[in-house]
Amino acid sequence: MTRTFSLTLHVWRQKSAKQAGQFAKYIAANVSEHMSFLEMLDVVNQDLLAKGEDPIAFDHDCREGICGSCGFMVNGDAHGGHRGTTICQLHMRHFKDGEELWLEPWRSAAFPIVKDLAVDRGAFDRIIASGGFVSVPTGSAVDGNAIPVPKTEADLAMDAAACIGCGACVAMCPNSAAQLFTAAKVGHLGLLPQGQPERDRRVLAMVGQMTAEGFGHCTSTGECEAVCPKEIPIAFIARMNRDYLEASVKERPQANRGGSG
Amino acid sequence: MSATVAGTGSRFYETAIGKKIVMAVTGVILVGFVFVHMTGNLQVLQGADKINHYAKLLRTSMPLLWTARLVLIASVVLHVRAALQLYALKAAARPVAYAKKAHRGATLASRTMIWSGYTLAIFIVLHILHFTTGTIHTDFVEGDVFHNVTTAFKNPLIAAGYVVMMGFLFMHISHGIFSLTQSLGLSHPRYSAAAKTVARVLAVIIAVGFAAVPVAVFAVIAK
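About the thresholds
- Residues numbered from 1 in each chain as written.
- Chains lettered and ligands numbered in written order.
- Predicted model: local features only at pLDDT ≥ 70, side-chain atom pairs only at ≥ 80, totals over all residues.
- Helix = DSSP H or I, 4+ residues; strand = E, 2+ residues; numbered from the N terminus.
- Buried ≥ 20, exposed ≤ 12 C-beta atoms within 10 Å, placed from the backbone.
- Contact = placed C-beta atoms within 7 Å.
- Axes fitted to C-alpha atoms, helices over the stretch in contact; angles between N-to-C directions.
- Parallel < 35°, antiparallel > 145°, perpendicular 65-115°, else oblique.
- Left-handed = near helix turned anticlockwise from the far one by under 90°.
- Domains from an automatic or database assignment.
- Nonpolar A, V, L, I, M, F, W, Y, C, P; charged D, E, K, R; others polar.
- Core = buried A, V, L, I, M, F, W, Y, C linked by C-beta atoms within 7 Å.
- Pairing = 2+ DSSP bridges.
- pLDDT = per-residue confidence, 0-100.
- Expected span 1.5 Å × (residues − 1).
- Arc of directions from axis to C-beta.

A. Expanded view of the overall build of chain B. Broken down by element type, chain B carries 8 helices and 0 strands. The N-to-C order of helical and strand elements in chain B reads α-α-α-α-α-α-α-α. Its C-alpha atoms put chain B at 65 × 45 × 40 Å along the principal axes. By the burial criterion, 30% of the 223 residues in chain B qualify as buried. A separation threshold of at least 6 residues defines the contact pool for chain B, and within that pool the share at least 24 residues apart is 76%.

Given below as structure tokens:
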């Protein structure tokens, strides 16, 4: 038999980044244990709409844990704190009848609140745009298998590439640092042969952009890796730090002339 | 929004990672110092001759002594400067605090580095005034380290105070030693698992080694 129960929700309601927000209390009745956390909120929102009230805004897209759109804090835990789980994949069977839950948006100066539980993660996009790519000339792409990549390196690169950019690392970090996200992107490309030509430039630019966005510093607490839905380890942060140190030491003054042929 | 900061070598220190690398390098120097300081101190347990001879040995060359002191002072200044700058960054990075915040895996030591740091900074100043300059020592004899140490630790409050401070030192360096391997990028799947253990063991050795002196002095006198 399906278990149904009710929950008390304290949800952060904020109309926009400019306006002040506060918690509002809602009762989620008839919650099925088979619902996902977002489906439970969908039902709460239906009730709000029926009453003519503004529904709770939250980001979501694929609802299968791979797009990185969803995410907020549940009782102080990013994505609810279950290992390797996004909030859309968190099922209500983990909760008990009558439980009180506090839902808050990611809190970071670099992630301004759009509305309620939805935040603007454009800072991550700008970090990627600053260097999270490889430059490939079009029309002359080589065969994918022409460059040998050791299996161990390919696996490690894939571990880092699994990052979906949800922002849970920043949200959970006591210092609002974006080191795990940036390190995953730097590590992913830095491990592969295709990423080598721009490796130094990449880490310097991405770390520079991360600084400009106002993220905090890493104190190696490990809070980020504990809530990362893709379970990316902080060893990648060490790898980025080392790349950053090496690139800083090796960097040459940029040539201002030539190059146009 | 935010302008792109092109990461150039001259801007190394502007990034949080650059500051953490400075903290890590100075941290290595300071941990190295406390380890040697601790092993030296243990000679108190061997009696007045040993420790007083060691104290004299350290003062054989004043230029050498002051070189070491200047390196340590510079390390402390750079370490504290970076820590305060990063602490300010942390405050700016999350202007609105969470109403509820859980902890997943973060140790108490890792979350209280700034507070153990403040405590140790105050302790270091008092400790230098106590045993190096003798300013706040009630019965200070220049050059007679054994006398200075044993008379000070006769007071149970002072002995207990030093032991408590070594608890803070343990907290600070047990996380600090692990964290500096991260900051310096010394991570490797074969050794990283051991880094946390090595950090704790080293921190225990240093803290217990230091605490042994006030405990032993107090135990002998209490008998």
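B. Up close: the overall build of chain A. What chain A contains, in helices and strands, is 8 helices and 7 strands. The principal-axis extents of the C-alpha atoms in chain A amount to approximately 70 × 40 × 40 Å. The 261 residues of chain A split such that 47% are buried. Nonlocal contacts in chain A, meaning residues at least 24 apart in sequence, comprise 70% of its contacts between residues at least 6 apart.

C. Spatial organisation of the environment of Asn241(A). When you line up the elements, Asn241(A) lands in helix H8 (residues 235-250). Given 28 C-beta atoms within a 10 Å radius, Asn241(A) is considered buried. The sequence separation of Asn241(A) and Gln179(A) amounts to 62 residues, and the corresponding C-alpha distance is 9.3 Å. Once residues lying within four places of it in the same chain are set aside, the contact partners of Asn241(A) are Ile17(B), Ile21(B), Gln182(B), Ser183(B), Leu184(B) and Gly185(B).

D. Quick look at the packing of helix H5 (residues 113-132) of chain B against helix H7 (residues 156-183) of chain B. Residues and elements named next belong to chain B. Running from amino to carboxyl end, H5 crosses H7 at an angle of 135°, the nearest separation of the two axes being 9 Å. Classed by the angle they form, the pair H5 and H7 counts as oblique. Where H5 crosses over H7, the two elements pack in a sense that is left-handed. For the pair H5 and H7, contact is made by Met113, Ser116, Gly117, Thr119, Leu120 and Phe123 and by Met165, Phe168, Leu169, Met171, His172 and His175, respectively.

E. Focus on the domain arrangement of chain A. Residue and element names in this part refer to chain A. Its domain assignment divides chain A into domain 1 (4-115) and domain 2 (122-250). Just the C-alpha atoms count here: the centres of domain 1 and domain 2 sit 29 Å apart. Listed per partner, the contact involves 19 residues of domain 1 and 16 residues of domain 2. Counted by class, the side of domain 1 that touches domain 2 contains 8 nonpolar, 9 polar and 2 charged residues.

F. Representation of the nonpolar core in the model. Residues Cys169(A), Val170(A) and Leu180(A) are the most contacted members of the largest nonpolar core, which totals 110 residues. Counting residues per element, this core draws most heavily on H7(B), at 11 residues. Taken together, domain 1 (4-115) and domain 2 (122-250) of chain A each give at least three residues to this core, which thus spans both. Not counting residues up to four positions away in its chain, the partners in contact with Leu180(A) are Cys169(A), Cys224(A), Glu225(A), Cys228(A), Ile232(A), Ile234(A) and Ile237(A).

G. Expanded view of the sheet that holds strand E2 (residues 22-32) of chain A. All names here are of chain A. Reading across the sheet, the 5 strands line up as E2-E1-E5-E3-E4 and stay open at both edges, with mixed pairing between neighbours. Every other strand in the sheet has two partners, leaving E2 and strand E4 (77-78) as the edge strands with one partner each. Note: strand E3 (residues 73-74) against E4, 2 bridges, orientation antiparallel. Each residue of the ladder has a partner; that of valine 74, found in E4, is aspartate 77.

H. Seen up close, the interface of chain B and chain A. With 46 residues of chain B at the contact, the number on the chain A side is 50 residues. Elements supplying a minimum of two residues to the side of chain B that touches chain A: helix H1 (16-41), helix H3 (62-93), helix H4 (108-111) and H7 of chain B. Among the residues making up the side of chain B that touches chain A, the classes are represented as 22 nonpolar, 15 polar and 9 charged.

I. Region of interest: the environment of Thr152(A). Structurally, the position occupied by Thr152(A) is in helix H3 (residues 151-161). A sequence separation of 39 residues divides Thr152(A) from Leu191(A), and the C-alpha atoms of the two residues are 10.0 Å apart.

J. Focus on unusual backbone geometry. All names here are of chain A. For arginine 63, which is not glycine, the phi torsion reads 60° and is therefore positive. Overall, arginine 63 belongs to the partly exposed group, with 16 C-beta atoms counted inside 10 Å. Of note, aspartate 116 is a non-glycine position whose phi angle comes to about 45°, a positive value. Note on aspartate 116: 24 C-beta atoms within 10 Å, which makes it buried.

K. Structural detail: the packing of helix H5 (residues 179-190) of chain A against H8(A). All names here are of chain A. Contact geometry of H5 with H8 gives a least axis separation of 8 Å together with a crossing angle of 70°. Classified by the angle their axes make, H5 and H8 are roughly perpendicular. On H8, the residues that touch Gln179, Leu180, Thr182, Ala183, Ala184, Val186, Gly187 and Gly190 of H5 are Phe236, Ile237, Arg239, Met240 and Asp243.

L. Examining the pairing of strand E1 (residues 4-13) of chain A more closely. All names here are of chain A. In this sheet, E2 lies alongside E1 in antiparallel orientation, the contact comprising 9 bridges. When the bridges of E2 are listed, tryptophan 12 appears paired with phenylalanine 23. Sheet topology places E1 next to strand E5 (residues 100-104); 4 bridges connect them, and they run parallel. Residue pairing for E5: leucine 9 is matched across the bridge by leucine 101.

M. How the structure looks around the confidence of the model for chain B. All names here are of chain B. Considering every residue of chain B, the mean pLDDT works out to 93; 95% of them sit at 70 or more. Of the regions scoring below 50 in pLDDT, residues 1-9 engages in 23 contacts with residues more than four places distant in sequence or in other chains. Complex prediction metrics read pTM 0.92 and ipTM 0.90.

N. Region of interest: helix H1 (residues 37-50) of chain A. All names here are of chain A. Between its first and last C-alpha, H1 extends 20 Å over 14 residues, near the 20 Å set by a 1.5 Å rise per residue. For H1, the full list of buried residues reads Phe37, Met40, Leu41 and Val44. Buried residues of H1, seen end-on, are gathered within an arc of 95° and therefore sit on one face of the element. Of the exposed residues in H1, the ones pointing more than 90 degrees away from its buried face are Gln46, Leu49 and Ala50. Where H1 is buried, its residues meet E1 and E2. Glycine 52, located one to two residues past H1, shows a positive phi value of around 80°.

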